[in-house]
Amino acid sequence: MKKNDENLIDRSVLFVENYFETERKSRIITKSGEYYSRDSVLTLIDKACMMFASTYEGRVKATRHNLKQHKKTTLLISEDGLAAYPTKSPDNPDCVWIFNHHYRLETITPNRTRILFDEFNVSAEVNVSIGILQKQRGRMYEMIYFYSSVRERNKF
């Protein structure tokens, strides 16, 4: 299956990471396979946000304002709950964006963790501690809950 470069970020994405080989800048791992893009990770995420009438910068600014998440800000990409969090500062080339799917964590070393998406037989190793991933996952679910509560309060 070939995906359009414009729509690589959707509900099937498990994680996205920087990838530096020839013309490729990012690697997208989904439920059904692996894809590469000439766009950077942040460009792909920005394009996904724009499909839902915002920008990456706008979504980050809103979350920072509403939830006071000023570092490694979690991101609600779409109102239907498509969300992700960065493992490090998004400007760090080692940053991996983890999307909201069920996964478990295994410590490899104090600063290296394996993320296992058992349902899809996919795993990834990231250069951060299990504690950072647990904190980021908690912050992402707090953000999803906050915005779903706002949506519920504003229904007519």
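Above this note sits the structure.
Predicted model, so just to flag it, every value in this text is computed and none were measured.

1. Here's the deal with the overall build of the protein
Then, in step 1: The helix and strand tally for the protein stands at three helices and nine strands.
Then, in step 2: By the compact-globule yardstick of 15 Å for 156 residues, the protein fits well, its C-alpha radius of gyration being 15 Å.
Then, in step 3: Its C-alpha atoms give the protein principal-axis dimensions of roughly 45 × 35 × 30 Å.
Then, in step 4: Expressed as a percentage of its 156 residues, the buried residues of the protein come to 46%.
Then, in step 5: Contacts in the protein between residues far apart in sequence, at least 24 positions, make up 44% of those at least 6 positions apart.
Then, in step 6: Counting only carbon and sulfur atoms, one obtains 50% of the accessible surface of the protein, whose full area is about 8,800 Å².
Then, in step 7: Taking the average location of the 25 positive side-chain charges in the protein and that of its 20 negative ones, the two points are 5 Å from each other.

2. Overview of helix α1 (residues 41-50)
Then, in step 1: In terms of residue burial, α1 counts as a mostly covered element, since seven of its 10 residues are buried.
Then, in step 2: Among the residues of α1, Val41, Leu44, Ile45, Asp46, Lys47, Ala48 and Cys49 are the ones counted as buried.

3. What about the environment of Asp46?
Then, in step 1: Take Asp46: it is sitting in helix α1.
Then, in step 2: Residue classification places Asp46 among the buried positions, given a relative accessible area of 19%.
Then, in step 3: With 31 residues separating them along the chain, Asp46 and Ile77 place their C-alpha atoms 8.6 Å apart.
Then, in step 4: Excluding residues within four positions of it along the chain, Asp46 makes contact with Thr55, Tyr56 and Glu57.

4. As for the packing of aromatic side chains
Any pair of aromatic rings gets described here by the distance separating the centres and the angle formed by the planes.
Then, in step 1: By the definition in use, this model includes five aromatic pairs.
Then, in step 2: Their ring planes at 80 degrees and their centres at 6.2 Å tell us that Tyr56 and Trp97 sit as a pair that is edge-to-face. Here Tyr56 is found in helix α2 (residues 56-67), whereas its partner Trp97 is found in strand β6 (residues 96-99), with 41 residues between them in sequence.
Then, in step 3: Linked through ring pairs, Phe15, Tyr103 and Phe117 together constitute an aromatic cluster.
Then, in step 4: Positioned over the ring face of Tyr36 is Arg24, at 4.3 Å from the centre of the ring.

5. Quick notes on the environment of Thr107
Then, in step 1: Relative to the helices and strands, Thr107 resides in strand β7 (residues 104-109).
Then, in step 2: Excluding residues that lie within four positions of it along the chain, Thr107 makes contacts with Arg112 and Ile130.

6. A few points about the sheet that holds β6
Then, in step 1: Spatially, the six strands line up as an open sheet ordered β3-β2-β1-β6-β5-β4, and their pairing is antiparallel. A single partner strand is all that each edge strand has here, and the edge strands are β3 (33-37) and β4 (75-76).
Then, in step 2: Taken together, the two bridges between β4 and strand β5 (residues 83-86) define a ladder with antiparallel strand orientation. Across the sheet, residue Leu75 finds its bridge partner in β5, namely Ala84.

7. A word on the environment of Ser54
Then, in step 1: Examined against the element boundaries, Ser54 turns out to sit in the loop between α1 and α2.
Then, in step 2: When the C-alpha atoms of Ser54 and Ser78 are compared, they prove to be 8.9 Å apart, with 24 residues separating the residues in sequence.

8. Observations regarding the pattern of salt bridges
Then, in step 1: Evaluated as defined, the whole model comprises 10 salt bridges.
Then, in step 2: Arg104 is the partner of Asp118 in a salt bridge, and the nearest nitrogen-oxygen pair spans 2.5 Å. Pair noted here: Asp118 is in the loop between β8 (112-117) and β9 (122-126) and Arg104 is in strand β7, with a separation of 14 residues, a long-range link.
Then, in step 3: The class of Asp118 is partly exposed, set by a relative accessible area of 46%.
Then, in step 4: On the basis of relative accessibility, which here comes to 37%, the residue Arg104 falls in the partly exposed class.
Then, in step 5: The partner of Arg114 in a salt bridge is Glu106, and the shortest N-O contact between them spans 3.0 Å.
Then, in step 6: Given the relative accessible area of 29%, Glu106 is considered partly exposed.
Then, in step 7: Salt bridges sharing common partners tie together Arg104, Glu106, Arg112, Arg114, Asp118 and Glu125.

About the cut-offs
- Residues numbered from 1 in each chain as written.
- Predicted model: local features only at pLDDT ≥ 70, side-chain atom pairs only at ≥ 80, totals over all residues.
- Heavy atoms only, no water.
- Helix = DSSP H or I, 4+ residues; strand = E, 2+ residues; numbered from the N terminus.
- Rg over C-alpha atoms; globule rule 2.2 N^0.38 Å.
- Buried < 20%, exposed > 50% of the residue type's maximum accessible area, 1.4 Å probe, protein only.
- Contact = heavy atoms within 4.5 Å.
- Areas by Shrake-Rupley, 256 points an atom, 1.4 Å probe, with all protein chains shown as cover.
- Lys, Arg positive; Asp, Glu negative; His and termini not counted.
- Charge placed at Lys NZ, Arg CZ, Asp CG, Glu CD.
- Phe/Tyr/Trp six-rings, centres within 6.5 Å; stacked < 30°, edge-to-face > 60°.
- Lys NZ or Arg CZ within 6 Å of the ring centre and 35° of its normal.
- Pairing = 2+ DSSP bridges.
- Salt bridge = Lys/Arg side-chain N within 4 Å of Asp/Glu carboxyl O.

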